[in-house]
Amino acid sequence: MKNLALTLGILLIAFTAKAQQETVTIKVTIENVLNDNGSVLASLHNTDTFMKGAGVIDLKETAKKGAITLSFENVEPGTYAIMVLHDENNNQRMDFEANGMPKENYGMSNNVMVMGPPTFADAKFEVTNEDMDLTIRF
């Protein structure tokens, strides 16, 4: 009985250690930030959260003209998309013109530029067990 408990304990520790090692960091460089106004908001989404509000991980960084880098940490393997917004007036949302066009710059993974709302299928990418570096351009 002692051996069974010891074996189960060792297996539990091994599975826990393996699970902790399976997360990765996604480093995202956002290019073409036009000014220092407001913040840059970035959200890591899965198919269930895309275009529906908060992401799996949400980040905020003070805007800086040029390029900035953000890191999504402890990301589990899976299929994700990243959406980025230059929130120039810090109201935590995208502002629109009267005709429906965005007033603030935005971008997404795969640098998809479409007329109309973006789709998860266009912006998705696979996360495996290795850290990633992505570039998104406003």
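Residues numbered from 1 in each chain as written. Predicted model: local features only at pLDDT ≥ 70, side-chain atom pairs only at ≥ 80, totals over all residues. Heavy atoms only, no water.

Asks: Can you walk me through the layout of surface pockets in this structure?
Replies: By rolling a water-sized probe across the atoms, one finds the places where empty space is left. Within this model, the largest pocket holds a volume of roughly 750 Å³. Together, 29 residues line the largest pocket, and Met51, Met83, Leu85, Met94 and Tyr106 are the ones closest to its centre. Sorting the residues of the lining of the largest pocket by element identifies β2 (39-45), β3 (57-62), β5 (78-87) and β6 (106-108) as the ones contributing at least two each. Within the lining of the largest pocket, the residues separate by chemical class into 18 nonpolar, 8 polar and 3 charged. (1 Å grid on protein atoms, 1.4 Å probe; cavity = no way out; pocket = protein on both sides within 12 Å on 5 of 7 lines; lining within 4 Å. Points joined across faces, edges and corners; volume = space filled by probe spheres on them. Helix = DSSP H or I, 4+ residues; strand = E, 2+ residues; numbered from the N terminus. Nonpolar A, V, L, I, M, F, W, Y, C, P; charged D, E, K, R; others polar.)

Asks: I'm lost on the nonpolar core in this one. Help?
Replies: Most often, soluble globular proteins have nonpolar side chains that are buried together. Ile26, Ile30, Leu44, Phe72, Val75, Ile82 and Phe125 are the most contacted members of the largest nonpolar core, which totals 23 residues. Mapped onto this core, the elements with two or more residues apiece are β1 (24-33), β2, β4 (66-75), β5, β7 (125-127) and β8 (132-137). Tallying contributions element by element places β1 first for this core, with 5 residues. If we skip the residues at most four places from it in the chain, isoleucine 30 touches Val40, Gly66, Ala67, Ile68, Leu70, Val84, Ile136 and Phe138. Among the nonpolar cores identified, the runner-up in size contains 6 residues, and Phe50, Met108, Phe120 and Ala123 belong to it. (Core = buried A, V, L, I, M, F, W, Y, C linked by side-chain atoms within 4.5 Å. Buried < 20%, exposed > 50% of the residue type's maximum accessible area, 1.4 Å probe, protein only. Contact = heavy atoms within 4.5 Å.)

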